[in-house]
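Examining the three-dimensional arrangement
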Amino acid sequence: MPDAPPRLRTENRDGTAIATLCRPDGSNGLDRAAADALHTWAEDVSAAAEGGTIRVAVLRNEGFAFSVGGDLRAFDASADFAEELRYVATRLHEALKILGAMPLPLVVAVDGVVAGAGVGIVMAADVAVASASSKFRMAYLGVGFSPDGGGSWQLARRLGHARAAEFALSNRVMRADEALSLGMVSRVVAVDDFETAVDELTTQLAGAPKEAVAETLRLLRTAGSRSLDEHLDDEARSIVRLSRTPDGVEGVAAFLGKRQPAFS
Amino acid sequence: MPDAPPRLRTENRDGTAIATLCRPDGSNGLDRAAADALHTWAEDVSAAAEGGTIRVAVLRNEGFAFSVGGDLRAFDASADFAEELRYVATRLHEALKILGAMPLPLVVAVDGVVAGAGVGIVMAADVAVASASSKFRMAYLGVGFSPDGGGSWQLARRLGHARAAEFALSNRVMRADEALSLGMVSRVVAVDDFETAVDELTTQLAGAPKEAVAETLRLLRTAGSRSLDEHLDDEARSIVRLSRTPDGVEGVAAFLGKRQPAFS
Amino acid sequence: MPDAPPRLRTENRDGTAIATLCRPDGSNGLDRAAADALHTWAEDVSAAAEGGTIRVAVLRNEGFAFSVGGDLRAFDASADFAEELRYVATRLHEALKILGAMPLPLVVAVDGVVAGAGVGIVMAADVAVASASSKFRMAYLGVGFSPDGGGSWQLARRLGHARAAEFALSNRVMRADEALSLGMVSRVVAVDDFETAVDELTTQLAGAPKEAVAETLRLLRTAGSRSLDEHLDDEARSIVRLSRTPDGVEGVAAFLGKRQPAFS
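Procedures and definitions
- Residues numbered from 1 in each chain as written.
- Chains lettered and ligands numbered in written order.
- Predicted model: local features only at pLDDT ≥ 70, side-chain atom pairs only at ≥ 80, totals over all residues.
- Heavy atoms only, no water.
- Contact = heavy atoms within 4.5 Å.
- Buried area = accessible area lost by both parts, 1.4 Å probe.
- Salt bridge = Lys/Arg side-chain N within 4 Å of Asp/Glu carboxyl O.
- Helix = DSSP H or I, 4+ residues; strand = E, 2+ residues; numbered from the N terminus.
- Nonpolar A, V, L, I, M, F, W, Y, C, P; charged D, E, K, R; others polar.
- Buried < 20%, exposed > 50% of the residue type's maximum accessible area, 1.4 Å probe, protein only.
- Polar contact = N/O pair within 3.5 Å; in protein donor to acceptor, adjacent residues only side chain to side chain.
- Domains from an automatic or database assignment.
- Least-squares fit on C-alpha atoms with pLDDT ≥ 70 in both.
- Pairing = 2+ DSSP bridges.
- Phe/Tyr/Trp six-rings, centres within 6.5 Å; stacked < 30°, edge-to-face > 60°.
- Axes fitted to C-alpha atoms, helices over the stretch in contact; angles between N-to-C directions.
- Expected span 1.5 Å × (residues − 1).

Looking at an unreviewed UniProt entry, one finds chain A named Enoyl-CoA hydratase and attributed to uncultured Pseudonocardia sp.

The accessible area lost on association of the parts is a frequent measure of interface size. Listed per partner, the contact involves 52 residues of chain C and 41 residues of chain B. Approximately 3,600 Å² of surface area, both sides summed, lies buried where chain C meets chain B, with 67% of it carried by carbon and sulfur atoms. If you look at where chain C meets chain B, you find 2 salt bridges. As a salt-bridge pair, glutamate 83 of chain B and arginine 244 of chain C come within 3.5 Å of each other at their nearest N and O atoms. Of all the secondary-structure elements, those providing two or more residues to the side of chain C that touches chain B are helix H7 (176-181), helix H8 (194-207), helix H9 (210-222), helix H10 (228-243) and helix H11 (246-256) of chain C. If you tally residues by element for the side of chain C that touches chain B, the top one is H10 of chain C, at 12 residues. Taken together, the residues of the side of chain C that touches chain B break down into 27 nonpolar, 13 polar and 12 charged.

Before going further, it helps to examine the pattern of salt bridges. As enumerated under the stated definition, the model contains 66 salt bridges over all chains in all. Measuring nitrogen to oxygen at the nearest pair gives 3.0 Å for the salt bridge that ties arginine 86 of chain C to glutamate 83 of chain C. In this pair, arginine 86 of chain C and glutamate 83 of chain C are both assigned in helix H3 (residues 81-99), 3 residues apart and thus about one turn of the helix distant. Classification of arginine 86 of chain C as partly exposed rests on a relative accessible area of 36%. The class for glutamate 83 of chain C is partly exposed, based on a relative accessible area of 33%. The network of salt bridges with shared partners includes Arg7, Arg23, Asp25, Asp31 and Asp71 of chain A.

Each partner contributes to the interface: chain A provides 41 residues, whereas chain B provides 52 residues. When the area that chain A buries against chain B is broken down by residue, the three leading residues are Trp153, His161 and Leu169 of chain A, summing to 18%. Across the chain A-chain B interface, the total number found is 2 salt bridges. Our enumeration of links across chain A and chain B arrives at 18 residue pairs in polar contact (both at pLDDT 80 or more).

Before going further, it helps to examine the domain arrangement of chain A. Residues and elements named next belong to chain A. Under the domain assignment used here, chain A contains domain 1 (8-207) and domain 2 (210-256). For domain 1 versus domain 2, the separation of C-alpha centres amounts to 28 Å. With 11 residues of domain 1 at the contact, the number on the domain 2 side is 6 residues. Between domain 1 and domain 2, a total of about 640 Å² is buried, with carbon and sulfur atoms accounting for 49% of that surface. Together, Arg55, Pro103 and Asp126 form the three largest contributors to the area buried by domain 1 at its contact with domain 2, with a combined 47%. Our count for the contact surface shared by domain 1 and domain 2 stands at 1 salt bridge. Put simply, domain 1 and domain 2 have 3 residue pairs in polar contact (both at pLDDT 80 or more) between them.

Think of it as a corkscrew move, a rotation about one axis and a shift along it, taking one chain copy to the other. Superposing chain C onto chain B takes a rotation of 120 degrees plus a shift of 0.0 Å along the axis, which leaves an RMSD of 0.0 Å. Taken together, the rotation and translation relating the two chain copies correspond to the operation of a three-fold axis.

To continue, consider the sheet that holds strand S9 (residues 174-175) of chain A. The strands that make up a sheet are held in pairs by hydrogen bonds between backbone atoms, and each pair lies either parallel or antiparallel. Residues and elements named next belong to chain A. Overall, mixed pairing links the 4 strands, which are arranged S4-S6-S8-S9 in an open sheet. Of all strands in the sheet, those bounded by a partner on one side alone are strand S4 (65-67) and S9. Bridge count between S4 and strand S6 (residues 113-115): 2 bridges; the pairing is parallel. Residue pairing in the sheet places serine 67 in a bridge with valine 114 of S6.

Here the focus is the packing of aromatic side chains. Two descriptors summarise a pair of aromatic rings, namely the distance from one centre to the other and the angle between the planes of the rings. Under the defined criterion, the tally for this structure stands at 6 aromatic pairs over all chains. With centroids separated by 6.3 Å and ring planes inclined at 75 degrees, the aromatic side chains of phenylalanine 81 of chain B and phenylalanine 145 of chain B adopt a geometry described as edge-to-face. Separated by 64 residues along the polypeptide, phenylalanine 81 of chain B in helix H3 (residues 81-99) and phenylalanine 145 of chain B in the loop between strand S8 (135-137) and helix H5 (151-159) bring together distant segments of the chain. Here the two residues phenylalanine 81 of chain B and phenylalanine 145 of chain B agree in accessibility, since each one is buried. Following the ring pairs from residue to residue traces out a cluster consisting of Phe75, Phe81 and Phe145 of chain A.

Glancing now at the pairing of strand S7 (residues 127-131) of chain B. Residue and element names in this part refer to chain B. Taken across its 5 residues, S7 has 5 buried, putting it largely inside the fold. Burial along S7 is two-sided: Val127, Val129 and Ser131 facing one way and Ala128 and Ala130 facing the other are all buried. In this structure, strand S5 (residues 106-110) lies alongside S7, joined through 4 bridges in parallel fashion. For valine 110, the partnering residue across the bridge sits in S7 and is alanine 130. Here 3 bridges tie S7 to strand S10 (residues 187-189), and the two strands are oriented parallel to one another.

Turning our eyes to something else, we now look at the sheet that holds strand S7 (residues 127-131) of chain C. Residues and elements named next belong to chain C. The sheet built from 6 strands is open, its strands ordered S1-S2-S3-S5-S7-S10 with mixed pairing. Of all the strands in the sheet, just strand S1 (8-13) and strand S10 (187-189) have a single pairing partner and so form its edges. The mean angle between the axes of side-by-side strands here comes to 20 degrees, regardless of whether they run parallel or antiparallel.

Right, let's talk about helix H9 (residues 210-222) of chain B for a bit. With 13 residues, H9 of chain B extends 19 Å between its outermost C-alpha atoms, agreeing within 8% with the 18 Å of an ideal straight helix rising 1.5 Å per residue. All of the buried residues along H9 of chain B are Ala212, Val213, Ala214, Glu215, Thr216, Leu217, Leu219 and Leu220 of chain B. Each element contacted by the buried residues of H9 of chain B is listed here: helix H5 (151-159) and helix H6 (161-170) of chain A together with helix H10 (228-243) of chain B.

Quick look at the structure:
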C-alpha cells in the first residue's frame, strides 16, 4: 500500500488539535485523499473532544491557497468524473457535519486564496481568522456548477439574498476586508501579525472553561432554528446548570475574590 | 376598448426580458394598471424562462422615482378605496411570488425615489443595483398603514430587528450607500455609470451557464428555511447532476484546457 | 415589610411609560428585586398598552452602567446560588417575553456599560439607542457561564455565527459604533445629544398612528419564522384593514389634502 499523498498534516499540542492543509503544489485542491483526510481528522477530533483531551480545533493552510476548492483535474483523471465529485463532496459534507456538532470551537485560519468549497469550509468555522491578503471567490459558475460545502446556505443567511446572489452570480473576487464586513469571517489580521494572532486566539480558547464554551456554541448554533421564547428557556436551564459545575463555582469565587479563575 | 395607460414598457432582447416602469408623471405610483402590467410581465417572463428563451429579467425605471409605492389618489378615485388597495396589493404580491420562483435572475435597477411597496419590490430582486442618488423610505406610517410588498419580511431578515424597526418606525429617508451597507441592495453605482453597469451586469448574467444559475438561485432561496445538514445533501446532489450536463462538461473541459468556456 | 430596594423608577407621561434602572451603586446589577421590578413593569405596560393609555415604552439607566448583568454577589449571599440565579433568569426571561409581545415599541436607551444579561435586554428592544461611550461585553465566559437574556439568540441571528461566536468566546469589549454596524443597536448618538435624541425619538413614536405601529411591529417580529409567501398574504390583509381605520382614513385624507395628519 503506497503512502497517502500529503494533504493534511495533523498534530495535537497543549489541548489543541491542529490540521494544516499542506498539498505540495500549494493549491490545497480537494481530491479524494484530501476529503478522506479531513473526514478522518473530524472524526478523531470529535472523539477526542468527547473524551476531554482536546479543547480547540484549528484548520489552517500552507501554500498560496487555503483551498482552491474541488480538484477538477483529479476528478477528470478518475474513472468517472461525476462519481469522483460525488465521493469528494459527500465526504467533505460529512466532515463538516461532524465538525459543526463538536462541543468545542473550530478555528479556521485562512491565509491566501479561498475558492469553491473552500468558501464553505471557512464559513463552517466558529471563529474564522483571515490574513489581510486573503481573497474569496465562489468560482462554481465559471465551470457550470452550483455551490457545495454549505457555501450557498451560509452566504444566504449571513449576507442576505441580494448580496449573496451578487457574489455568487458575478463570480467576482472578494477581499478579506469585505468578507469581514459581511460576516463571512470573524477577524482580519495583517499578514505579519497573522501567526501570532492565531496562536493567541487558540491559547485563549484552550484556556476558557470547557463546558461553558460548549454550551455557548450549542446555544449560538441552535438560535437560527427555533423561537426566542424556546431559546430563553434553554438559556436559563443552561446557565443554572453551569453555575453548579466546578468551573462555574470557581469562576464565581474568583470574581468575588477579585482574582483570576483557575478553570479545570 | 381604450388603450391601457402607460405603466410598464416591456421588450425581450438577446435573451433578456426588460421591463421599464414608465408612468408619464415619473412617479411610477402603483395603481390597478401598473399592478396588472407587472403581473402579466411576471407570467410572461416565467413562461419564457421555462421555455428557455429568456435568461435574465430586468426591472427598471424612467422618471424621478423607481416607484413611490401605492397610488393613493387612484385608490381614492375608485369606487372603494380599500377594495382597490386590496386588488393592487394582492396582484403585486402574486407577481412577486412568480418572480421569486423563476429559474433565472431578476435584476432590479433603481434610479431615484423608492418608497412604500417600491422598497419591497427592490428587495425581491436577486441582484439589485441602485444609482448613488437613489433614496429609500417606507412611508407607510405617514398615512397610518403597515408595510406590503414583502418589505417587512425582507427588512427584518436582512437588517435585524433593531435596524428594521428603526427604519420603518422613524419613517426616515435612507440613502443608497446605507441601503448597500445593510444589504437592501447588491451594488451602488455612480449616476453617470449606472446605465453601463446595468448593461454589463445583464450581459454577464445572460452569458452565464443557465442551469447552474438556476440551481445557485434555488439553493440561495431555500437556505433560510432548512437546516445546514439538509442543505448540504441538496448541494451535493445538485453539483453532481450539473457536472453531467453539457454546460458542466464544457466548463470543466475549458478549465482543464485553459480556454474560455462556450456555454449553451 | 421593608421598602423594596431602589432598582427601577417608573413613570407614565404623555402616553409614554418610562422605566429607569436606578440602583444606587450605578451598576444596575440584576438581583431578585431588579428582576421582579422589570417583570412588574412589563406586566403593567402590557396591560396599559392593551388599554390604550400607553403608546411607547422606554427602558433607560442612571449610573455608570445600563446593566452589568446578573448580581453574582447577591446570588452568593442567598441561601442557594443556583436557585437564586434560576429565579432571576427566569423572571427576567418572562419579562422579556411580555415586552416582546406588546403592541407598541420598546425603546431601550443605553448609556454606559452593558454586560451579561444587559446585552440581551438591549437586543430585546424594538429601537435601541446607545450613547457613543457605551460598551458591550458578554462576560459569561469569565465566570464559566453561558449566555442568558436571549443574548445568544439575538447575536447568532444578527451577526451571523462567525462574528457572534468571536464576540462571545473572546469575551472582548465592543464599542458602540461596532455594535451599530453589527445591528445590535439601532442608533448611536453623541453623549451630549443623547437625552435630546431619546426624547425626540419617544415623542415621534408616541405621535405615530397606534394600530399601524402595532401592525408594523407584529409583521417585523413574525418575519423570521415563516415563508415570504405566507408573509405577503398577511401584509395584504393588514394594510387593507388599516386603510379602513380612522387613522388610515385620516392619513390618506391628509396626504391627498397636502396637510399634516391628525392621528387619534
